[in-house]
Amino acid sequence: MVLVGAVRDYVNRMLHDINGMKVLLLDTDTVGIMSVALSQSELLQKEVFLVEKVDASAKEVMTHLKAVAFLRPTAENINHLKRHLTSPRFGEFHLYFSSFLKPSHIQILADADAHEVVQQVQEFYADYFALDPYHFTLNLPSNYLCLLPSLLEPQNTQLACDRIVEGIAAVFLSMKRRPAIRYERNSEIARKVAQDAAKLMYEQENALFDFRRSEVAPLLLIVDRRDDPVTPLLNQWTYQAMVHELVGIQDNRVDLKNLPKVPNDLQEVVLSSEQDSFFKSNMYENFGDLGANIKKMVDEFQTKAKSNQNIQSLDDMVKFVENYPEYRKQQGNVSKHVTLMTEMSRIVDERQLMSLSQTEQELACTAGQPAAFEAVVQHLNNDRVAEIDRLRLVMLYALRYEKESPQSVEQLISRFAAKSNRWKPGLVHTLLKLCGAEKRTGDLYGNRDLFNRARNMARGLKGVENVYTQHQPLLAQTIENIVRGRLRDVDYPFVGSHFQQGRPQDVVIFIVGGTTYEEARTVALQNAAHNGTRVILGGSVVLNSSSFICDLEEIHRMKRVERSSISLLR
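Residues numbered from 1 in each chain as written. Predicted model: local features only at pLDDT ≥ 70, side-chain atom pairs only at ≥ 80, totals over all residues. Heavy atoms only, no water.

## A word on the confidence of the model for the protein chain
Now for step 1: Averaged over every residue, the pLDDT of the protein chain is 88; the share at 70 or more is 91%.
Now for step 2: Residue range residues 450-464 is modelled with pLDDT below 50. Its contacts to residues more than four positions away, or to other chains, number 14 contacts.
Now for step 3: Low confidence marks residues 564-570, where pLDDT is under 50. Its contacts with residues over four positions away, or in another chain, come to zero contacts. (pLDDT = per-residue confidence, 0-100. Contact = heavy atoms within 4.5 Å.)

## Examining the side chain of T30
Now for step 1: Take T30: it is sitting in helix α2 (residues 28-37).
Now for step 2: According to the relative accessible area criterion, T30 is buried, its value standing at 0%.
Now for step 3: Reaching out from T30, the side chain makes a polar contact with the backbone oxygen of F70 at a distance of 2.8 Å. (Helix = DSSP H or I, 4+ residues; strand = E, 2+ residues; numbered from the N terminus. Buried < 20%, exposed > 50% of the residue type's maximum accessible area, 1.4 Å probe, protein only. Polar contact = N/O pair within 3.5 Å; in protein donor to acceptor, adjacent residues only side chain to side chain.)

## Notes on the layout of surface pockets
Rolled over the atoms, a probe as big as a water molecule pinpoints where empty space is left.
Now for step 1: Its boundaries defined by the atoms lining it, the second largest pocket holds a volume of some 1000 Å³.
Now for step 2: Lining the second largest pocket are 35 residues, and of these R72, T74, D162, R163 and E166 sit closest to its centre.
Now for step 3: When contributions to the lining of the second largest pocket are tallied by element, the ones reaching two or more residues are α2, α4 (75-86), α6 (154-175) and α7 (188-204).
Now for step 4: In terms of residues, the lining of the second largest pocket owes the most to one element, α6, which gives seven residues.
Now for step 5: Taken together, the residues that form the lining of the second largest pocket break down as 13 nonpolar, ten polar and twelve charged. (1 Å grid on protein atoms, 1.4 Å probe; cavity = no way out; pocket = protein on both sides within 12 Å on 5 of 7 lines; lining within 4 Å. Points joined across faces, edges and corners; volume = space filled by probe spheres on them. Nonpolar A, V, L, I, M, F, W, Y, C, P; charged D, E, K, R; others polar.)

## Side note on the environment of A217
Now for step 1: Its place among the elements puts A217 in the loop between α7 and β9 (219-224).
Now for step 2: A residue is classified by how much of its surface remains accessible, and A217, at 26% relative accessible area, is partly exposed.
Now for step 3: In the structure, A217 is positioned 40 residues away from R177 in sequence and 7.6 Å away in space, judged by C-alpha atoms.

## A look at the environment of V334
Now for step 1: When you line up the elements, V334 lands in helix α11 (residues 314-350).
Now for step 2: On the basis of relative accessible area, V334 is assigned to the buried category, the value being 8%.
Now for step 3: Separated by 33 residues in sequence, V334 and F301 place their C-alpha atoms 7.8 Å apart.

## Describing the nonpolar core
Now for step 1: Counting 158 residues, the largest nonpolar core has Y128 and I222 as its most contacted members.
Now for step 2: The element contributing the most residues to this core is α6, with eleven residues.
Now for step 3: For I222, the contacting residues outside a window of four places in its chain are I168, R182, Y183, E184, A190, V193, A194, F510 and V512.
Now for step 4: Core analysis: the next-biggest nonpolar cluster, separate from the first, contains 19 residues, L65, I78, F93 and L95 among them. (Core = buried A, V, L, I, M, F, W, Y, C linked by side-chain atoms within 4.5 Å.)

## Some points on the packing of α4 against helix α5 (residues 103-112)
Now for step 1: Their axes nearest at 9 Å, the elements α4 and α5 cross at an angle of 15 degrees. Taken together, the axes of α4 and α5 lie roughly parallel to each other. For α4 against α5, the interelement crossing comes out right-handed. Two secondary-structure elements touch here, α4 through A75, I78, L81, K82, L85 and T86 and α5 through H105, I108, L109 and A112.
Now for step 2: Along the lines of polarity and charge, the residues of the contact of α4 with α5 split into seven nonpolar, two polar and one charged. (Axes fitted to C-alpha atoms, helices over the stretch in contact; angles between N-to-C directions. Parallel < 35°, antiparallel > 145°, perpendicular 65-115°, else oblique. Left-handed = near helix turned anticlockwise from the far one by under 90°.)

Quick look at the structure:
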């Protein structure tokens, strides 16, 4: 319940002490922050009868309602609130902000409150989307900025850094801790975020973060997505990650409107470990085990449905009516998971993903350039393979063999370009310039470090349990190094003089450029092992292969524009 519980606690404190009927005023971000933590029925139980966006045009006056505004403290939101306070539609206003409120903003609100309807103004630090207990995101717009050299977009990159720092600060204020901070040495943006976070926590808001704890400080580690470009390019075979890869998840919601013959009540479904016990139990299960578990759930429901048809007495009828809400909820759950499983199975067959994924996993996990080249060529020549899947294979091959066999990389890029209508070969070169071997800090393929080479050899001798899920993100190696005290200071230096004495019990790893659900699973399994270190994962967005490639496309386009501008100046 760590992160989800913290946000729920903030919301409960907002709503609990305000008696009577309430309206929630939210912005685009806080709508999502609120929705991943609480369901609509839970809000109704707290006497919230209306939810409005703060920027909505004025409607009828409802002075019998008390407005509870939960907003990010942006200049835009302050102006919207100013409009609300100048001509108040509600009897009272209780103002809560998700981050630090500037004195100038407080003055603007005070000047606007001529009718004296504002009852309180507070900061409640729920400035992040708590997707799962140990996984949060910031849903950063224009995530590609996190992958760019800052000199290309200095102003926008700084705005992205500011938002990341605010989100990280909110997480630690929720935990009531102040961390020691480390960052990935080779990443300019990781260093910038780490330094800005340290400045905020140890200088600008020193008193706010002074929780006077004597035990080992938690660790905040800032890393760069570019250090592991392989994970977001792979197909996924565990439930949560697979839904996001093949269908898409946004704020724990899955949009199914475009699927054929989907009933109205399944147009959008919620996948939340806090609200769905079946999903909580199966979110990290592989595709095969998931199918068996869904069949078992369907069989159990059918048994219950038959017993409900056998109503022979008044007592049976009373029992049926009492259990009906739970029965309806279970029916909806069964329909939801069967629909998702059916759609994913269709996509797997249509795109031949089982065969493709085997090649992807071999590219990510095992060395063997000639066999890998032949396997990729075979898929490139198969007209049934989707264009995006061909692109992913070429990218994975290029990342693995850019140094060992650059000529074969260029051959594959040329073969791909000859068949591609949408993507240009330059996109693979852009990936290598951003995320190639020269740019990376970590041992992505486990072949630089003696420990990693030995571990890979042991895995090879032992064999793998499932060929489709044998890949482990670089994050798993990073976490292991932290737990064993092997994270090298030269690669991940501390900011300032705030060092750590002893092994941290709490670790927050933030990936600038975005997390994946495969990495969230790695963290969940690490925490389930109960080895004395609790890890929380955060990122600017949650990626799948499509969104990662879209970010690369945007960067490729910007670099083309930059080159054109330079040539014009000449």
